[in-house]
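Spelled out, the chains give:
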Protein chains: 2
Amino acid sequence: MFQTAELGQRVSREDFDQISNDLRSELLSAQQDLRQADFPVVLVFAGVDGAGKGESVNLINEWMDPRWIVTRAYDEPSDEERERPEFWRFWRDLPPKGQVGLFLSCWYSRPILDQVHGRSSRGEFERQLDRIAAFETMLAADGALILKFWMHLGKDAQKRRLKSLEKDPLQSWRVSKRDWRNWKLYDSFIATAERTIRHTDGGQTRWVIVEGEDPRYRSLSVLTTLRDAIRQQMIERQARIKIITEAQAEAAAQRSAELAQVHESRPAIEKAAEQEARAGRKAKPSTVALTAEGRMKGLTVLDSLDMAATLPKEEYGQALRQARAELAALSRKARDRGVSTLLVFEGWDAAGKGGAIRRLTAGLDARNYRVVPFAAPTDEERAQHYLWRFWRHLPRAGRLMVFDRSWYGRVLVERVEGFALTDEWMRAYAEINDFEEQLIHHGMVLAKFWIHITKDEQYRRFRERERIAYKQWKLTDEDWRNRAKWEFYESAVNEMVERTSTAEAPWTLVEGNDKNFARIKVIRTICEQIRRRLG
Amino acid sequence: MFQTAELGQRVSREDFDQISNDLRSELLSAQQDLRQADFPVVLVFAGVDGAGKGESVNLINEWMDPRWIVTRAYDEPSDEERERPEFWRFWRDLPPKGQVGLFLSCWYSRPILDQVHGRSSRGEFERQLDRIAAFETMLAADGALILKFWMHLGKDAQKRRLKSLEKDPLQSWRVSKRDWRNWKLYDSFIATAERTIRHTDGGQTRWVIVEGEDPRYRSLSVLTTLRDAIRQQMIERQARIKIITEAQAEAAAQRSAELAQVHESRPAIEKAAEQEARAGRKAKPSTVALTAEGRMKGLTVLDSLDMAATLPKEEYGQALRQARAELAALSRKARDRGVSTLLVFEGWDAAGKGGAIRRLTAGLDARNYRVVPFAAPTDEERAQHYLWRFWRHLPRAGRLMVFDRSWYGRVLVERVEGFALTDEWMRAYAEINDFEEQLIHHGMVLAKFWIHITKDEQYRRFRERERIAYKQWKLTDEDWRNRAKWEFYESAVNEMVERTSTAEAPWTLVEGNDKNFARIKVIRTICEQIRRRLG
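Residues numbered from 1 in each chain as written. Chains lettered and ligands numbered in written order. Predicted model: local features only at pLDDT ≥ 70, side-chain atom pairs only at ≥ 80, totals over all residues. Heavy atoms only, no water.

**Thoughts on the relation of the copies chain A and chain B**
Put simply, the rule is: Each copy is superposed on the other by least squares, with the fit set by C-alpha atoms of residues at a pLDDT of at least 70 in both. The contact criterion used throughout is that any non-hydrogen atoms of two residues lie within 4.5 Å.
When chain A is brought onto chain B, the operation consists of a screw motion whose angular component is 180° and whose axial shift is 0.0 Å, with 0.0 Å RMSD remaining. The symmetry that links the two subunits is that of a two-fold axis. When the interface residues of chain A are mapped onto chain B, 100% of them again lie at the interface, so the same face is used by both copies.

In structure tokens form, the structure reads like this:
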């Protein structure tokens, strides 16, 4: 794999000067175009020590405008980083759209070094590479230009390089005993590198192997590759925007048509539902599936819920006190043990998410929890991958964090409203499962709630909100508009549960027509999950 | 001071229910109005343990919408926090405009506890209180509603409270041995509290003392105070916006008039300057001061610079290599010692800030530095105090951070362009000095550079940028517009240096007509400051 990078490629000073003059101006102009573009550039530098990783990064900073470049290198994680999943530190440093991120000794470092030094099994190593591949592929699918440079030196060339650095009084600090120890592991290092590159080299996440011996040659290699890749990506993204615009228009038209169909068939359905409600019976799924909208709606997991479930008022007070006390005790224990908890709340408008959240937090120590609402993203968030804003709010060790709405917006509102394209929300299921797996493997408690109410119950609550003064602000036109798309949301919820209710991170569907019942079920479920995690 | 909070105030359940019904809806509606407002609410809860600090915070979260509330409590700082000045952790948690921040055991905790336990001298304690007062006054001056609740219990009442908590199986965890030890220090605690409150009670940063024995009474006290304060602040801010709009219009008119005057007098001045330039002489300040624009311009510190200073080209290469090598060595040493460095660059457009920055970073290890440009703030930054965006980028221990433009924008561009009101930029000098003092006392190296060029030199460089392809993007209409206000900027720079060049954080004025001279001077100055700090 590395033979082509041991050919002794050189560039003369004259050629270098001639080429570099144009190249500098082309790079700057590419960077200027990039600043208006809707994608970030992620450059990874890895390879043999002494092959010019740091020098390349410095050169990019010198030739391009360093103000729109983020350079990051990683050593030991801080305690705030250690308290989150491993990739948190990389997520927090990702460049926003229009900017360039240079990453040194980043997500490849630990897996490669652990493998070379025999600290990880082959299986672990492969799993780490899978994680990396998933991470990069996800960013690339979102539009990021990902380019990974493997800076290479042959074994003898590395030895020469280390020796010459040692001789230079201004550079000798760069060489430590560790470097010589590593040099002795050269062959194992290269074998590991080859496996790494093969495993993580994708169409949109490609490795570029650069011969590192001649500084002029390697500089031109890196920088012309960078220039061409930015230009290419600009063209592809622009073409894509055209396609997207057309696709969105088409999807919008289709949605309107479907919506009209639903409205037409509504009277009959609503009537049936009303009759069922009057009869005090649970809606029979079979009846619903036979209606005109069966194609879209079908049977959903929500139909399996016993929406008549209630908790008698006289039991509620006592149950709430008990559940809260248990939650308070468990959350103190979790705090002491450094186990963090993330609670995700999704549900229909007016389903009672806010009330459930307040009931569960009311018994907790304010020092220990936080509620974060997710509505429209800020401009800093919009300039990043959609998962970025959730990564940034992950709780520290021992804390409890409540997300009022979450990353599931991608496959709910963004899907239904057409804010995300079909391929975007379709690949989101895998991205989400992967994200949640990282949370769980880090040792976090993750509980996900869908608070469900029937359509009739929602109607009743909307009307009530209109009546009661201090609830009026809660009801917006948006809510009525969302309600009109009830069936679309229903099938989106169904698919969400189907695809993301995993053994490790199951969904809890909460029968929410009776608020008291729902609140107690939520708190008890949280207790159960924390208790299980604490063992 | 606390007698009024030991009266045994009580509220009956009936009264409470009756009042709380309206109060809840009023609080929610105040919070809804607040969300559109241009100020944040900062609530501090301090006081006697057991007097209901945590309960009040929970109640606010329960009665109001917790999604727009940030609750924060502080224990041991994380290592990322320890690596920054003490107040960094509070700055990072400040609520944005339109939201409410609840702060428990926050900036008052350590000073009070250190004082009570005899770990700080009276002098230190007072300095800590001064720091707090300056912090809060600054936020309040920026519009923040600051309200500090001292939750009080008499000595006997506290004892009763601790005992009753101990008896309740659901609450007993709240009481530890430490609480009883603290109770023995009650008198000293109260004396310290009194000094704290007296020292930090301002018109816009007021303390509210609340009797904490009866939960219903204290809840209503806290919540009605909060409701009234939000309402009052809404009215005051609205009135202020009117005044501001008028003041800004007037200031804009005045600036235009002054600008016109400058333009009128320009031909003569430019001609004189041109003659001087031709004669190859340095412009004599005395000549300039006698012109029509003398009123605004006068003599500035910039006139004292020897703008003919040059570094012969043949010396530059060697000097650059030496200075860089020294900087590289010093920055490694600083890294090892955990000493962080913050470099601030200000200067005229085209003065060569970017070039100077790239020359100094080129010799550094990419793992160790970062360049952060400050242009227009993001919406998250706009929702905060103007210093917030600089606090958030303070370097970790051992790192070197370069700020391309900085908080001095407040007294330069924001002043000259009228983005900040007169009282805003005038109080900024003190705020900035206070901010920098915190950096220095934390042990950071802070070097501030004003890169100066003459007006003629700027003209030459603008023209050059127009000619050279890869420099074109650097020149915008904005640059020409700024140039037209040269004299305004000059006097703003003069006042900035006058007021913020302190013994601990002096400005370095750099003669920038000769880029080589400037670059070497910058690097050498940084070396000197790091060397002095490392001792």
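**Observations regarding the pairing of strand β5 (residues 205–211) of chain A**
Residue and element names in this part refer to chain A. Test applied: Only protein chains enter the calculation, and the probe is 1.4 Å; a residue is then buried if its accessible area is under 20% of its type maximum, exposed if over 50%, and partly exposed in between. The numbering of helices and of strands both runs from the N terminus, where a helix is a DSSP run of H or I of at least 4 residues and a strand a run of E of at least 2. Strand pairing is assigned whenever DSSP identifies at least 2 bridges connecting the two strands.
Counting buried residues along β5, 5 of its 7 residues qualify, which places the element largely inside the surrounding structure. Here strand β4 (residues 145–152) runs beside β5; their pairing, made up of 7 bridges, is parallel. Of the residues in β5, the one forming a bridge with Met151 is Val210.

**Let's talk about the pattern of salt bridges**
Put simply, the rule is: A side-chain nitrogen of Lys or Arg and a carboxyl oxygen of Asp or Glu constitute a salt bridge if their distance falls within 4 Å.
Counting across every chain of the model gives 90 salt bridges over all chains. A salt bridge links Glu213(A) to Arg160(A), with the nearest nitrogen and oxygen atoms 2.6 Å apart. Here the residue Glu213(A) occupies a position in the loop between β5 and α10 (215–278), and Arg160(A) occupies one in helix α7 (residues 155–167), the gap between them amounting to 53 residues. Asp65(B) is paired through a salt bridge with Arg67(B); the nearest N and O atoms lie 3.0 Å apart. Classification of Asp65(B) as buried rests on a relative accessible area of 4%. Each of Glu80(A), Glu81(B), Arg89(B) and Arg92(B) takes part in one network of salt bridges that share partners.

**Section: the confidence of the model for chain A**
Residues and elements named next belong to chain A. As a reminder of what qualifies: pLDDT gives the predictor's per-residue confidence on a scale running from 0 to 100.
When pLDDT is averaged across chain A, the result is 89; 92% of the residues are at 70 or more. Across residues 281–296 the pLDDT falls below 50, and counting only partners more than four positions away or on other chains, this stretch makes 26 contacts in the model. Listed scores for the predicted complex are pTM 0.85 and ipTM 0.79.

**Section: the packing of helix α14 (residues 353–362) of chain A against helix α22 (residues 515–534) of chain A**
Residues and elements named next belong to chain A. Note the threshold: Lines fitted to the C-alpha atoms define the axes, with helices restricted to the stretch that makes contact. Angles between their N-to-C directions range from 0 to 180 degrees. Here is the rule for angles: anything less than 35 degrees is roughly parallel, anything more than 145 is roughly antiparallel, 65 through 115 is roughly perpendicular, and the remaining ranges are oblique. Left-handed is the label given to a crossing in which the near helix is rotated counterclockwise from the far helix by less than a right angle, and right-handed is the label when the rotation is clockwise. Residues are grouped as follows: nonpolar covers Ala, Val, Leu, Ile, Met, Phe, Trp, Tyr, Cys and Pro; charged covers Asp, Glu, Lys and Arg; every other residue, Gly included, is treated as polar.
The geometry of α14 relative to α22 is characterised by a closest axis approach of 9 Å and an angle of 50° between their N-to-C directions. Judged by the angle between their axes, α14 and α22 are oblique. Between α14 and α22 lies a crossing whose hand is right-handed. Mapping the contact onto sequence places Gly355, Ala356, Arg359 and Leu360 in α14 and Arg519, Val522, Ile523 and Ile526 in α22. Residue composition of the contact of α14 with α22, grouped by class: 5 nonpolar, 1 polar and 2 charged.

**A short note on a positive patch on the surface**
Cut-off, in case you're wondering: Each patch is built from residues that are more than 30% exposed by relative accessible area and take part in no salt bridge. Like charges join if they lie within 9 Å; nonpolar side chains (Val, Leu, Ile, Met, Phe, Trp, Tyr) join within 5 Å. Here the Shrake-Rupley method, with its probe set to 1.4 Å, supplies the accessible areas, and only the displayed protein chains count as covering residues. As used throughout, the charge tally considers Lys and Arg to be positive and Asp and Glu to be negative, leaving His and the chain termini uncounted. Charge coordinates come from a single atom per side chain, which is NZ of Lys, CZ of Arg, CG of Asp or CD of Glu.
A cluster of basic residues, Lys177(A), Arg178(A), Arg181(A) and Lys184(A), forms a positive patch at the surface. Looking at the secondary structure, you find Lys177(A) in helix α8 (residues 177–184).

**Topic: the packing of aromatic side chains**
Each pair of aromatic rings is reported with the distance of its centres and the angle of its planes. What counts here: Between rings of Phe, Tyr and Trp, where Trp is taken as its six-membered ring, a pair exists when centres lie within 6.5 Å; planes separated by under 30 degrees are stacked, by over 60 edge-to-face, and by other angles tilted. Counted as over-ring charges are cases with an Arg CZ or a Lys NZ within 6 Å of the ring centre that also lie within 35 degrees of the ring normal.
Evaluation of the coordinates by the stated rule reveals 62 aromatic pairs over all chains. Look at Phe374(B) and Phe390(B): their rings are 4.6 Å apart centre to centre, the planes differ by 55°, and that puts the pair in the tilted class. Residue Phe374(B) is found in the loop between β7 (369–373) and α15 (379–382), and its partner Phe390(B) is found in helix α16 (residues 388–391); the two are separated by 16 residues along the sequence. Exposure class is identical for Phe374(B) and Phe390(B). Each is buried. One Lys or Arg, Lys155(A), reaches over the ring of Trp183(A) and ends 5.6 Å from the middle of that ring. Its guanidinium or amino end placed over the ring of Tyr429(A), Arg499(A) lies 5.3 Å from that ring's centre, counting from NZ or CZ.

**Examining the sheet that holds strand β7 (residues 369–373) of chain A**
All names here are of chain A. Ordered by their spatial adjacency, 5 strands build an open sheet running β7-β8-β6-β9-β10, and the pairing between neighbours is parallel. Each edge of the open sheet is held by one strand with a lone partner, namely β7 and β10 (507–511). Averaged over all neighbouring strand pairs, the angle between strand axes comes to 20°, with direction disregarded. Bridging between strand β6 (residues 341–347) and strand β9 (residues 445–452) involves 7 bridges; their strand directions are parallel. Each bridged residue has a counterpart across the sheet, and for Leu343 the counterpart in β9 is Ala447.

**What to know about the side chain of Arg237(A)**
All names here are of chain A. Heads up, the condition is: Pairs of N or O atoms are called polar contacts if they sit within 3.5 Å, as long as, within protein, a hydrogen donor faces a hydrogen acceptor (for residues adjacent in sequence, only side-chain-to-side-chain pairs).
Position of Arg237 among the secondary structure elements: in helix α10. Among the residues examined, Arg237 registers a relative accessible area of 12% and is labelled buried. A distance of 3.0 Å separates the side chain of Arg237 from the side chain of Asp38, its partner in a polar contact. Apart from residues lying up to four places away in sequence, Arg237 is in contact with Asp38, Phe39, Asp142 and Gly143.

**A look at the interface of chain A and chain B**
Note the cut-off: Values labelled buried area give the accessible surface lost by two parts on being combined, using a 1.4 Å probe and summing over both.
Tallying the contact residues gives 53 residues for chain A and 53 residues for chain B. The contact between chain A and chain B buries some 5,200 Å² in all, and 52% of this surface belongs to carbon and sulfur atoms. For the interface between chain A and chain B, the tally reads 8 salt bridges. Summed over the shared surface of chain A and chain B, the number is 18 residue pairs in polar contact (both at pLDDT 80 or more). Sorting the residues of the side of chain A that touches chain B by element identifies α1 (13–36), α2 (53–63), β2 (69–73), α3 (79–82), α13 (313–337), α14, β7 and α15 (379–382) of chain A as the ones contributing at least two each. Among the elements that make up the side of chain A that touches chain B, the one with the highest residue count is β2(A) (5 residues).

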